[in-house]
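Coordinate analysis (summary)
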Amino acid sequence: MKSKTSALIIATLVLAACEHSTPQTAAPVAKAPAPASSAPKSASHFTPPPESAIPNDDFGKQVALGRQIFMDPGKYAKAYVGNQLSCESCHLDAGRLAHSAPLWGAYPMYPAYRSKTHDVNTFAERLQGCFNYSMNGKAPPLGDPVLVALETYAYWMSKGEPIGTSQPGRSYPKLSKPALTPDYARGETVFKRDCALCHGDNGQGQQAAGHTVFPPLWGPQSFNWGAGMELVTNAAGFIKANMPLGRGNTLTDQDAWDVAYFMNAHERPQDPRYKDSIPATRAAFHDTPDSLYGTTVNGHLLGQGGASP
Amino acid sequence: MKQTVIALLMCCALWAGATSADTSQGATIAQQGNGHGAAPCMACHGADGGGQAAAGFPRLAGLPEAYLRKQLDDFANSSRTSATMQPVAMALSDAERDVLAAYYSKLPVPAPAASPPLKDDVAQLGQVLATRGRWSNTLPACEQCHGPGGIGVGDHFPPLTGQSSTYIGNELHAWQQGSRHNDPQQLMQSVAGKLSEADIAAISAWYAAQPAGVPKESQP
């Protein structure tokens, strides 16, 4: 009996040792942030009213609903959303943060002629584009309560701004061209060092209690090939100003360009405007060095809309 | 015959899986220490792993296994300092740290001790910082990394609920002063550097007053 017991103890010890023979991956060693080569430290810019200033009346109810949709469209605009992103994924602080494409930067600039549609679009039509592309869903029809609430939220936030005047902090910063052509391998190094902790080694983000905490950066649950974020310039500007979260402007410009290229050199859902073939779709909608759609990276032709290479 | 028995027993152990073995070894160390220098964990962290609020000893039950393991390693190699925990962690072998991390990560989350009702202004500030942040100072909301309701996310972002205000306050001060610096990518040092004394008091009190382990209906 005694020998059986000791055998069991040995077995369990051996087993415990085997079970845990894989070394724990050490968290990345923190090091001093690299100096930024061009930190667009915010000059003075428009300050939107605080959330506490949302009026307690029927107008305010639409403002508050717009904010809720903005923060959790998968819940409050479910019929029009096809991925795990929220508006807030790319427009930080509930659409209020300068250099993170704030709503107050966009609202006063519409109606506007857009080269993307070759037409003059209203703000509501611009919001439809967000659902079609960034949310990989379908556009709410004009006049839909979702669009009304979102537009009301943007209007409320922009009170006091001049119409038709581009404000400092609008959109994402435009970085100067990088010294070195953006590169997949260098971008992967930046990704592993500065991004994977939150967005995961495979870029698919992390969820908790059914809620997206860190958004997926590519793949079936991310924005599709028609979204503005697929342009490397937009992604580089957003990343430089805002990532890692709360530590914007700590990456160098080159790191931001490289990791933006790396992110956008992965597969994502098909462009809903796809017609005939990838080359034809590239020619029609992605005819710029800024888009990797229809190009071949690491032997993979991007734009197939399938699994990640 | 004896060899056959041993082989059979090893198979049984394999079939049973390592979990029960880990759990029983972890429970033994937690309750009795390891017999060569590591005191019983429960003396400070409680029989249920819920910690001791008044003393600021943290809850361990239900924390991510990888996070617990990293903290033990960090105490052992002095990259996280604590007069109490460093000698304990140094006295634990690699395998013992593994079984303890596994044991505590699988314990059910105990109900937190009742905390006094919060003053309105403290509750309001705590909730704003927890759920909104203060982006005028590039301060993200706590839950943007620690998850809705502060329930924790993945291996690197531990739950904040079920921790005492004393523990949360102590750690925020330690990040702020640089005496704790084992955070990946200096994320917590960066965040804590943007907090005032009133902010720290409000966040600590607010999270201590939240239900533990129960995902709240998120209020965007």
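Residues numbered from 1 in each chain as written. Chains lettered and ligands numbered in written order. Predicted model: local features only at pLDDT ≥ 70, side-chain atom pairs only at ≥ 80, totals over all residues.

**Some details on the overall build of chain A**
Summing up its helical and strand segments, chain A has 12 helices and six strands in all. Burial status across chain A gives 46% buried among its 309 residues. Considering only contacts in chain A between residues 6 or more positions apart, those separated by 24 or more positions represent 67%. (Helix = DSSP H or I, 4+ residues; strand = E, 2+ residues; numbered from the N terminus. Buried ≥ 20, exposed ≤ 12 C-beta atoms within 10 Å, placed from the backbone. Contact = placed C-beta atoms within 7 Å.)

**Concerning the UniProt feature "domain: Cytochrome c" (unreviewed entry) in chain A**
Mapped onto the present numbering, the UniProt feature "domain: Cytochrome c" (unreviewed entry) falls at residues 182-267 of chain A. Across residues 182-267 of chain A one finds 44% helix and 8% strand; the C-alpha atoms that close the span lie 18 Å apart. (UniProt positions renumbered as here; feature names shortened; annotations may be inferred.)

**Here we look at the packing of helix H8 (residues 184-194) of chain A against helix H11 (residues 253-264) of chain A**
Residue and element names in this part refer to chain A. At a minimum axis separation of 7 Å, H8 and H11 run at an interaxial angle of 100°. One finds that H8 runs roughly perpendicular with respect to H11. Contact with H8, carried on its side by Tyr-184, Arg-186, Gly-187, Glu-188, Val-190 and Phe-191, involves Asp-255, Asp-258, Val-259, Tyr-261 and Phe-262 of H11 and no other residues of that element. Its residues placed into classes, the contact of H8 with H11 shows six nonpolar, one polar and four charged. (Axes fitted to C-alpha atoms, helices over the stretch in contact; angles between N-to-C directions. Parallel < 35°, antiparallel > 145°, perpendicular 65-115°, else oblique. Nonpolar A, V, L, I, M, F, W, Y, C, P; charged D, E, K, R; others polar.)

**Describing the nonpolar core**
Of all hydrophobic cores here, the largest spans 69 residues; its most connected members are Leu-150, Tyr-153, Ile-239 and Ala-260 of chain A. For this core, the secondary-structure elements that each account for two or more residues are helix H2 (58-71), helix H5 (103-106), helix H6 (123-134), helix H7 (145-157), helix H9 (196-199), strand S4 (211-214), helix H10 (232-242) and H11 of chain A. The dominant element in this core, judged by the number of residues it contributes, is H7 of chain A, at eight residues. Of all hydrophobic cores here, the second largest spans 23 residues; its members include Leu-125, Leu-187, Val-191 and Ile-203 of chain B. (Core = buried A, V, L, I, M, F, W, Y, C linked by C-beta atoms within 7 Å.)

**Let's talk about the environment of Gln-144 of chain B**
Locating Gln-144 of chain B in the fold gives a position in helix H8 (residues 143-146). The class of Gln-144 of chain B is buried, set by 22 C-beta atoms lying within 10 Å. Contacts of Gln-144 of chain B, omitting those with residues within four sequence positions, involve Leu-245 of chain A together with Gly-133 of chain B.

**Here's the deal with the domain arrangement of chain A**
All names here are of chain A. Here chain A is described as being made up of domain 1 (54-157) and domain 2 (184-301). Just the C-alpha atoms count here: the centres of domain 1 and domain 2 sit 21 Å apart. Facing 13 residues of domain 1, the contacting portion of domain 2 comprises 16 residues. Top contributing element to the side of domain 1 that touches domain 2 by residue count: H6, with three residues. For the side of domain 1 that touches domain 2, a count of residues per class yields four nonpolar, nine polar and no charged. (Domains from an automatic or database assignment.)

**Let's talk about the domain arrangement of chain B**
All names here are of chain B. Considered domain by domain, chain B is made up of domain 1 (21-106) and domain 2 (120-208). The centre of domain 1, based on its C-alpha atoms, is set 23 Å off from the matching centre of domain 2. Counting residues at the interface gives 14 residues for domain 1, matched by 15 residues for domain 2. Looking at the side of domain 1 that touches domain 2, its residues break down into seven nonpolar, four polar and three charged.

**Observations regarding the pairing of S4 of chain A**
All names here are of chain A. The pairing of strand S3 (residues 206-208) with S4 spans three bridges and is antiparallel. Looking at S4, one finds that Gln-206 is bridged to Phe-214. Linkage of S3 to S4, two consecutive antiparallel strands, is achieved through a turn of two residues, within which Ala-209 is found at a positive phi near 50°. (Pairing = 2+ DSSP bridges.)

**Regarding the environment of Lys-192 of chain A**
Within the fold, Lys-192 of chain A resides in helix H8. In this structure, the C-alpha to C-alpha distance between Lys-192 of chain A and Gly-203 of chain A, residues 11 residues apart in sequence, is 9.8 Å.

**Section: the packing of H2 of chain A against H7 of chain A**
Residues and elements named next belong to chain A. Remark: H2 packs on H7, axes separated minimally by 7 Å, with the N-to-C direction vectors making an angle of 105°. Here H2 is positioned roughly perpendicular relative to H7, judged by the angle of their axes. Residue-level inspection shows Gln-62, Val-63, Leu-65, Gly-66, Arg-67, Ile-69 and Phe-70 of H2 in contact with H7, the latter providing Val-146, Val-148, Ala-149, Leu-150, Thr-152, Tyr-153 and Trp-156. For the contact of H2 with H7, the per-class residue count stands at 10 nonpolar, three polar and one charged.

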